[in-house]
Amino acid sequence: MTKPKPFSQLMTDSIVFVATIFAVGLSVFQVWQGLQPTLSAPVFRPIHLAWILSIAFLLYPLIKPVGRSASLYLLCRLLDIVLIVATCWATYQITIFDYDDISFLLDGLQPIDQMAGVVLIVALLEATRRTVGFVMVFIAGLFLAYAFFGDVLPAGVASKGFSLEEVIRFHIFSTNGVFGAPLAIAAGVVFMFVLFGAFLQVTGAGQFFIDAAFAVAGKYRGGPAKASVLASAALGSISGSAIANTVTTGALTIPMMKKLGYKPEQAAGIEAAASTGGQIMPPVMGAGAFVMAQFTGIPYSDILLVSIAPAILYFASTLLYVHLMACKLGLQGMSVTEKIGVVMKNGWHFLVPLVFITTLLLMSYSPVLVGIAGCVAILVAAMMRKHSRITFPVFLQGMKEGATSAVPISVACATAGIIVGVVGQTGIGLQFTQFLIALSGGYLWSALGLIAIAAVILGMGLPVTAAYIVLSVMAVPALNDFGLGLLTAHMIVFWLSQTSNVTPPIALAAFAGAGIAGASPMKSAIQAFKLAQGFFIIPAMMAFSGLIWLDGEISHFFIGIITTLGLIFAFAGGIEGRLIKKLNSIERALLLILALGILFSDDIYRLVCLALVVIIMTLNARRPEATTA
């Protein structure tokens, strides 16, 4: 006789079922709004957020049922239901608000409207605590406190000091705070591409890209590691999360790397560095790139185009470190790999949706419609072949996973909207710009170092997209004052915002890889940091060498590409002590000096330094075999 399930388990199963209905319903609503944008922004964004918060309260309970009494768990779940009802009530009050009657600008909000605003902010911060973490709640709380009490601070950082009514009116009953640009992007473009990524996984397209990467790179020295880099480049762009990409591809690649001979921390570090790189790889590049398009007013197609060369340089850097690591360990490739022809024969149809959406993005079609078209394309492609056809329950699973994966993104963007709103309402951004310029001593390299440190610190508690949003509103004006173009400044901040996933002491992607590899989290983070040096080197070259060609001359762009490649080889050789063969201490020191020369010189001296790097590499390759490692 089957043992009956405990009450807490029955309740959990029921809530998961309800959450599934909510999630599928949200996906249907989002697609409908994308195809027929009948709801205005002041109505659509609150409804989207209320839906997201409701799913968050269902899937992320106040306490976990394990080890808890049934009565306590029931009480907490009832509290979650109260939060959902309160959120829906507040959203209703916001959506029926009469924005055409401008008397509220003169007389202020009604008490019931103020109450609705307070309820929604509290619910949002609680959902943020559950899905993203307390650190982001703390930062948002600090900014709100500054909005309320900025008038009691010293003159250098003081602001007006706003009343509760003014704060609620600005952040809730306008499109400047919670319902500002970050949530607009999350509720529109980002959701569609997260849904597209979910369909890629449930249709088997994700496994096809992993198989193709192993077929291409598996037979070469350190094959599984190189395959991990290639697979993560393909999947990371679409998954929208470095951590999710690490777990997805790492479940296959990390055990294979360990079996080949990589140390556990090396395998975890390789996967984390590669997966994080997926966030800067076109065509999708995660949520931050769409936010960048909104903030800058630059078409996403232009952002996509200028991102191709830097992304390729990053993965070239990572592959170089992986290769040198394999050489030092004396590793070989996999003895048996699937032929690429066989893999392509079975899965070529999965490439069609990617080519399709890339073409549409380059043609400057609406990203929301491109995302919807991508979802349709991947489903049609899957149905073209018998072995990849999906059933209706699998389709519903994709709809559910798309919505649930979007929950932390939308919650983080809405909370980031509070921070962006406070910056705009109080003018603290201008003061931060002046402070950053003063602290850097007027040197661009010093300012870049300070921004990189701030990015790592913010990334310890914020998702990458939220960290980019906060940094962009604070640091981009300072970089503009140093003479950098708008797109270059945003790209630098966007790249530096990724570093927290691989930088100790808190490197979440590396920690996720360490869990799969059974390795030390901190040792894995150190390895990931070393392998992801491109996240620091390439933004510096964006600032000093014109890698972002839309903001400079095309000649500087091409010189920037080849000299950046030389910088990558010089820095890797100096750090690892090996290029084609083992390097002696003098060669290593020279390469590090030349790397600095490439970074901080003008174009002529960069080319001279590049030539010297090539000479050292040539002499190293011709060295007698007896001196190899």
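Computed from a predicted structure; not experimentally measured.

Chemist: Explanation requested: the pattern of salt bridges in the structure shown.
Modeler: Proximity of charged atoms lets side chains of opposite charge pair with each other. Inspection of every chain in the model, using the stated rule, returns nine salt bridges. Among the salt bridges present, the one from Glu-166 reaches Lys-160, with a minimum N-O distance of 3.2 Å. The exposed category is assigned to Lys-160, whose relative accessible area is 55%. Between Arg-606 and Asp-603 there is a salt bridge whose closest N-O contact spans 3.3 Å. In this pair, Arg-606 and Asp-603 are both assigned in helix 28 (residues 603-622), three residues apart and thus about one turn of the helix distant. The buried category is assigned to Arg-606, whose relative accessible area is 2%. Three or more residues joined by partner-sharing salt bridges are found here, namely Arg-77, Asp-80, Glu-126, Arg-129 and Arg-130.

Chemist: What am I meant to see in the environment of Ala-251 here?
Modeler: With respect to the secondary-structure elements, Ala-251 resides in helix 11 (residues 242-260). C-alpha separation for the pair Ala-251 and Gly-513, spaced 262 residues apart in sequence, amounts to 8.6 Å. Beyond its immediate stretch of four places on either side in the chain, Ala-251 contacts Thr-246 and Ile-516.

Chemist: Mind showing me how you'd approach empty space enclosed by the protein here?
Modeler: Taken as a whole and judged by the stated rule, the model has two cavities of 30 Å³ or more. Reported here for the second largest cavity is a volume of approximately 30 Å³. As for the second largest cavity, its lining consists of Ile-15, Phe-57, Leu-58, Arg-77, Asp-80, Ile-81 and Ile-84. Listed by contribution, the elements that provide at least two residues to the lining of the second largest cavity are helix 2 (41-59) and helix 3 (70-95). Among the elements that make up the lining of the second largest cavity, the one with the highest residue count is helix 3 (four residues). A breakdown of the residues in the lining of the second largest cavity according to their chemical character gives five nonpolar, no polar and two charged.

Chemist: In this structure, what is going on with helix 24 (residues 521-531)? I would like to understand it.
Modeler: In an α-helix, one turn spans 3.6 residues, which is why side chains three or four residues apart end up on the same side. Ser-524, Ala-525, Gln-527, Ala-528 and Leu-531 are the residues of helix 24 that are buried. Buried residues in helix 24, looked at end-on, bunch into an arc of 165°, giving them a common side. Looking at the buried residues of helix 24, the elements they touch are helix 12 (264-277), helix 14 (300-329) and helix 23 (508-517).

Chemist: How do you make sense of the domain arrangement of the protein chain when you look at a structure like this?
Modeler: Frequently, the measure chosen for interface size is the accessible area removed from exposure when the parts meet. Taken domain by domain, the protein chain consists of domain 1 (7-172), domain 2 (189-419) and domain 3 (551-621). Its C-alpha centre places domain 1 at a distance of 31 Å from the equivalent point of domain 2. Domain 1 puts 30 residues into the contact, and the matching count from domain 2 is 22 residues. Of the roughly 2,200 Å² buried at the junction of domain 1 and domain 2 (both faces included), carbon and sulfur atoms supply 84%. The largest contributions to the domain 1 side of the interface with domain 2 come from Ser-27, Ile-52 and Met-136, which together make up 20% of the buried area. Where domain 1 meets domain 2, there are zero salt bridges.

Chemist: Got a minute to help me understand unusual backbone geometry in this structure?
Modeler: For the bond from Pro-282 to Pro-283, the omega torsion is 15°, close enough to zero to count as cis. Locating Pro-283 in the fold gives a position in the loop between helix 12 and helix 13 (286-296). Of note, the phi angle at Ser-364 is positive, near 65°, even though the residue is not glycine. Following the sequence through the fold, Ser-364 ends up in the loop between helix 16 (351-362) and helix 17 (367-384).

Chemist: What's the story with helix 26 (residues 554-576) in this structure? I'm lost.
Modeler: Spanning 23 residues, helix 26 covers 33 Å between terminal C-alpha atoms, matching the ideal 33 Å at 1.5 Å per step. Gly-577 sits one or two positions beyond helix 26 and adopts a positive phi of about 75°.

What counts, and where the lines are drawn
- Residues numbered from 1 in each chain as written.
- Predicted model: local features only at pLDDT ≥ 70, side-chain atom pairs only at ≥ 80, totals over all residues.
- Heavy atoms only, no water.
- Salt bridge = Lys/Arg side-chain N within 4 Å of Asp/Glu carboxyl O.
- Buried < 20%, exposed > 50% of the residue type's maximum accessible area, 1.4 Å probe, protein only.
- Helix = DSSP H or I, 4+ residues; strand = E, 2+ residues; numbered from the N terminus.
- Contact = heavy atoms within 4.5 Å.
- 1 Å grid on protein atoms, 1.4 Å probe; cavity = no way out; pocket = protein on both sides within 12 Å on 5 of 7 lines; lining within 4 Å.
- Points joined across faces, edges and corners; volume = space filled by probe spheres on them.
- Nonpolar A, V, L, I, M, F, W, Y, C, P; charged D, E, K, R; others polar.
- Arc of directions from axis to C-beta.
- Domains from an automatic or database assignment.
- Buried area = accessible area lost by both parts, 1.4 Å probe.
- Expected span 1.5 Å × (residues − 1).

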